[in-house]
Amino acid sequence: MGWFLKFIDSSVGKKLVMALTGLFLYLFLIEHLIANLLLLNNDKGEAYTIYAEVLGSSYNIPLRIIEVGLFFCLIYHTINGTRLWLSNRRAKGIPYYENRASENSTFFSRFMIQSGTAIFIFLVIHLKSFFVYYRLGNPEDTMYQGVVKSFQNPLYSWFYIVAMIFLAFHLVHSFQSAFQTLGLRHNKYTPFIKSFGVVFSILICAGFALIPVYFLYINNTGGN
Ligand code: HEM
């Protein structure tokens with residue numbers, strides 16, 4: 001066990017943990033997006049409410065385990081990313097990813113800590129508005145009604161859209177970087193992984209951003 005803890009605390013280990021937790025967070029994003037797209041179903045939230053009820057059912061042990069794992073991954077990813085950034089900054093005066101060969105020195109790779117911090121702030125607010133209120137509190141309305149109400153508020157909607165732009169900045173570099181960390185990048189699939197990562201990441205963020213745009217500008221009658 002000692003060797004394992006020592007390994008994940010080494011710089012190679014920290015990078016590996018970043019890649020694995022980051023890819024796990026990707027899986028969550030895909031699931032969350034598919035579920036959120038149910039909001040656009042034009043069925044007064046029927047499908048979304050069924051989904052929210054299944055997800056919220058306290059007897060759903062596997063889902064609770066996944067949820068705890070997800071929360072742990074997010075916290076670990078955030079702390080680990082910040083530690084990597086700080087230690088590289090201390091060692092070289094500038095973050096190491098700003099000091100790598102030109103192949104990696106894109107704007108997005110230099111912006112990882114800033115985009116990550118923006119995502120973290122967004123997630124705290126987002127979890128407070130939805131997860132804490134509807135899953136742990138005593139809500140007076142359904143999750144669907146709450147979501148629609150929030151997205152009809154231009155301030156909340158635009159906050160959400162801007163957060164999705166930061167998420168896109170983070171993900172555009174992340175996908176190929178994680179594969180590079182896992183040693184899978186430098187082969188004939190490299191160009192595909194790179195392009196797929198960019199398109200896939202932008203589609204995920206655009207999909208999330210579509211929902212506030214829909215409730216703010218397309219169906220602004222309260223989802224009915
Ligand atoms: C849904 C949210 C997130 C996803 C899907 C995600 C995904 C990823 C992935 C796949 C990587 C690449 C790992 C590698 O290069 O091997 C990464 C890197 C990074 N992430 Fe995240 N991330 C998320 C949230 C965050 C948050 C909240 C922070 C908070 C600070 C953060 C900070 C970082 C940093 C600093 C790096 C660069 C690590 C390095 O190469 O030094 N991320 N992220």
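Preceding block: the structure.
I will try to describe carefully the structure that is included in this document.

The rules behind the values
Residues numbered from 1 in each chain as written. Predicted model: local features only at pLDDT ≥ 70, side-chain atom pairs only at ≥ 80, totals over all residues. Axes fitted to C-alpha atoms, helices over the stretch in contact; angles between N-to-C directions. Helix = DSSP H or I, 4+ residues; strand = E, 2+ residues; numbered from the N terminus. Parallel < 35°, antiparallel > 145°, perpendicular 65-115°, else oblique. Left-handed = near helix turned anticlockwise from the far one by under 90°. Contact = placed C-beta atoms within 7 Å. Nonpolar A, V, L, I, M, F, W, Y, C, P; charged D, E, K, R; others polar. Core = buried A, V, L, I, M, F, W, Y, C linked by C-beta atoms within 7 Å. Buried ≥ 20, exposed ≤ 12 C-beta atoms within 10 Å, placed from the backbone.

1. Thoughts on the packing of helix 2 (residues 11-36) against helix 8 (residues 154-181)
Where helix 2 contacts helix 8, the axes come no closer than 9 Å and their chain directions differ by 130 degrees. Judged by the angle between their axes, helix 2 and helix 8 are oblique. For the pair helix 2 and helix 8, the crossing hand works out as left-handed. Each of Lys15, Leu16, Met18, Ala19, Gly22 and Leu23 in helix 2 lies in contact with helix 8, whose residues at this interface are Ser174, Ala178 and Thr181. Residue composition of the contact of helix 2 with helix 8, by class: five nonpolar, three polar and one charged.

2. Side note on the nonpolar core
In terms of nonpolar packing, the biggest core is built from 26 residues, with Val147, Ala163, Met164, Leu167, Ala168, Leu171 and Cys205 touching the most fellow members. When contributions to this core are tallied by element, the ones reaching two or more residues are helix 3 (46-56), helix 7 (143-151), helix 8 and helix 9 (190-218). Considering every element that reaches this core, the biggest residue donor is helix 8, with twelve residues. Not counting residues up to four positions away in its chain, the partners in contact with Met164 are Cys205, Phe208 and Ala209.

3. Looking at the packing of helix 4 (residues 61-92) against helix 6 (residues 112-136)
For the pair helix 4 and helix 6, interaxial distance at closest approach is 11 Å and the crossing angle is 150 degrees. It follows from the interaxial angle that helix 4 and helix 6 lie roughly antiparallel. In the crossing of helix 4 with helix 6, the sense of the turn from one axis to the other is left-handed. Only Ile113, Gly116 and Phe120 of helix 6 make contact with helix 4, whose side of the interface consists of Thr78, Gly81 and Trp85. In the contact of helix 4 with helix 6, the residues fall into three nonpolar, three polar and no charged.

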